[in-house]
Amino acid sequence: MTPTPVPAPAPAPAPVHWKLVIDSADPHAQADFWSAALGYTVEDNSAFIEQLLSLGALPPEATVDFHGRPAFRDLIAVRHPEDPYDKERGTGLGRRLLFQRVPEPKTAKNRLHLDLHPGEGRRADEVGRLTALGASVLREVREPAGAWVVMTDPEGNEFCVH
């Protein structure tokens, strides 16, 4: 009797590149807020946009002036300043938040949110800093498992500061 061959284990899946996309009424204002909140860099896609405009592949009405340079009208991203990025397009290749314009307002609680961890003993200062940037405090939570502050960004998206 011939032994049944044992199948080779399936290869492990490769890590998936991702970005968190956040709907917004004003993506550029959100990018300014979140880049300041996280210490991230607002992506500069201006060289790529200028190339698309010169080729006629992007209509001028699909762009806006953002801090003195062309930007896509309906989307903009922020990236971690230490992560790699595509220098030709200005697009981050690591940790990113992408803000996209949508016509409808936020109507319900987030199903996904960011937790910010400023470090031991720094929560109150961080909440004050974020409030000065335009965030609002929704509530303070104290439970046996820990304490945190639930806040909203300028468009009402919830996030927590631990």
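Refer to the structure above for everything that follows.
Residues numbered from 1 in each chain as written. Predicted model: local features only at pLDDT ≥ 70, side-chain atom pairs only at ≥ 80, totals over all residues. Heavy atoms only, no water.

Description of the sheet that holds strand β1 (residues 20-24)
Rules: Two strands form a pair only when DSSP identifies at least two bridges running between them. The helix count covers DSSP runs of H or I at least four residues long, the strand count covers runs of E at least two residues long, and both are numbered beginning at the N terminus.
Strand order across the open sheet formed by four strands is β1-β8-β5-β2, with mixed pairing between neighbours. Either end of the sheet is taken by a strand with one partner, and the two such strands are β1 and β2 (41-42). As judged from the five bridges shared by β1 and strand β8 (residues 96-101), these two strands associate in the parallel manner. Within β8, the residue paired with L20 across the bridge is L97.

Thoughts on the environment of V149
Put simply, the rule reads: For every residue, the accessible area (1.4 Å probe, protein chains only) is compared with the maximum for its type, and the residue is labelled buried under 20%, exposed over 50%, or partly exposed between those bounds. It only takes one pair of heavy atoms within 4.5 Å for two residues to be counted as in contact.
Among the structural elements, V149 can be located in strand β11 (residues 146-152). Given the relative accessible area of 7%, V149 is considered buried. Each C-alpha atom, one on V149 and one on P59, is 43 Å from the other, the two residues being 90 residues apart in sequence. Leaving out residues up to four positions away in the same chain, V149 has contacts with R123, V127, V137, R139, E140, F159, C160 and V161.

Examining the environment of K87
With respect to the helices and strands, the residue K87 is situated in the loop between β6 (85-86) and β7 (91-92). Assessed through its relative accessible area of 67%, K87 is described here as exposed. Between the C-alpha atoms of K87 and A47, which are 40 residues apart in sequence, the distance is 9.2 Å.

Overview of the nonpolar core
What counts is decided by this rule: For our purposes a nonpolar core is just a set of buried Ala, Val, Leu, Ile, Met, Phe, Trp, Tyr and Cys residues, chained together by side-chain atoms within 4.5 Å.
Counting 22 residues, the largest nonpolar core has W34, V78, L97, F99, L130, M151 and F159 as its most contacted members. When residues in this core are grouped by element, the largest group, four residues, is from helix α1 (residues 27-38). The contact partners of F159, leaving out residues within four places of it in the chain, are F33, W34, H113, L114, L116, L130, A135, V149, V150, M151, T152 and D153. F48, L52, L58 and F72 belong to the second largest nonpolar core, which has five residues in total.

Quick notes on the pairing of β11
Most of β11 is tucked away, with five of its seven residues classed as buried. Where strand β10 (residues 136-143) meets β11, seven bridges bridge the pair, whose relative direction is antiparallel. Counted as the bridge partner of S136 is T152 from β11. As consecutive antiparallel partners, β10 and β11 are separated by two residues. The pairing of β11 with strand β12 (residues 158-161) spans four bridges and is classified as antiparallel. Counterpart to M151 in the pairing with β12 is F159. What sits between the antiparallel neighbours β11 and β12 is a turn of five residues, in which G156 has the positive phi angle 90 degrees.

Take it as geometry only, folks, not as evidence of what the structure does.
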